[in-house]
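Chain and residue survey
What follows is each chain in one-letter form.
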Amino acid sequence: MNSTELRQKDVAGLKTEIKELQKAHFGLRMQKATQQLNNTATIRIARRDIARAKTILVEKLAADTSAK
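What this report covers is the structure whose coordinates are included nearby. (Residues numbered from 1 in each chain as written. Predicted model: local features only at pLDDT ≥ 70, side-chain atom pairs only at ≥ 80, totals over all residues. Heavy atoms only, no water.)

**Section: the overall build of the chain**
- Counting secondary structure elements, the chain contains three helices and zero strands.
- Helices and strands in the chain line up, N terminus first, as α-α-α.
- Rg of the C-alpha trace for the chain: 14 Å, well past the compact-globule value of 11 Å for 68 residues, more than 25% over.
- Once the C-alpha set of the chain is aligned to its principal axes, its extents read approximately 50 × 15 × 15 Å.
- Looking at the chain as a whole, 25% of its 68 residues qualify as buried.
- Total accessible area computed for the chain in this model is approximately 5,000 Å², and 52% of it derives from carbon and sulfur atoms.
- Once the 14 positive and 7 negative side-chain charges of the chain are each reduced to a mean point, those two points are 8 Å apart. (Helix = DSSP H or I, 4+ residues; strand = E, 2+ residues; numbered from the N terminus. Rg over C-alpha atoms; globule rule 2.2 N^0.38 Å. Buried < 20%, exposed > 50% of the residue type's maximum accessible area, 1.4 Å probe, protein only. Areas by Shrake-Rupley, 256 points an atom, 1.4 Å probe, with all protein chains shown as cover. Lys, Arg positive; Asp, Glu negative; His and termini not counted. Charge placed at Lys NZ, Arg CZ, Asp CG, Glu CD.)

**Considering helix α2 (residues 11-33)**
- With 23 residues, α2 should reach 33 Å at 1.5 Å per residue; the first-to-last C-alpha distance of 33 Å fits that figure.
- Considered for burial, the residues of α2 that qualify are Val11, Gly13, Leu14, Glu17, Ile18, Leu21, His25 and Leu28.
- Contacts from the buried residues of α2 go to α1 (3-7) and α3 (41-67).
- Once α2 ends, the next one or two residues include glutamine 35, with phi positive near 60 degrees. (Expected span 1.5 Å × (residues − 1). Contact = heavy atoms within 4.5 Å.)

**Some thoughts on a positive patch on the surface**
- Together, Lys32, Arg44, Arg47 and Arg48 line one region of the surface with positive charge.
- Among the elements that take part in the positive patch, α3 stands out by supplying three residues, more than any other.
- In this structure, lysine 32 sits in helix α2. (Patch = residues over 30% accessible without salt bridge, like charges linked within 9 Å, V, L, I, M, F, W, Y side chains within 5 Å. Salt bridge = Lys/Arg side-chain N within 4 Å of Asp/Glu carboxyl O.)

Take it as geometry only, folks, not as evidence of what the structure does.
This is the structure in structure tokens:
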């Protein structure tokens, strides 16, 4: 998921997206542990997607705080 799609979501949507990404990341880690994962680069991509979503969430929360 790219940053423009994430920026269109509200805070609650971002939180649910982060939870979904974390579940997907956990699944990928379990696949790697059981040697069922063919493309290990997907773990890195999932980690970066989580970081991207968390960064945008913090930006939105900071903007809400400064607007008050």
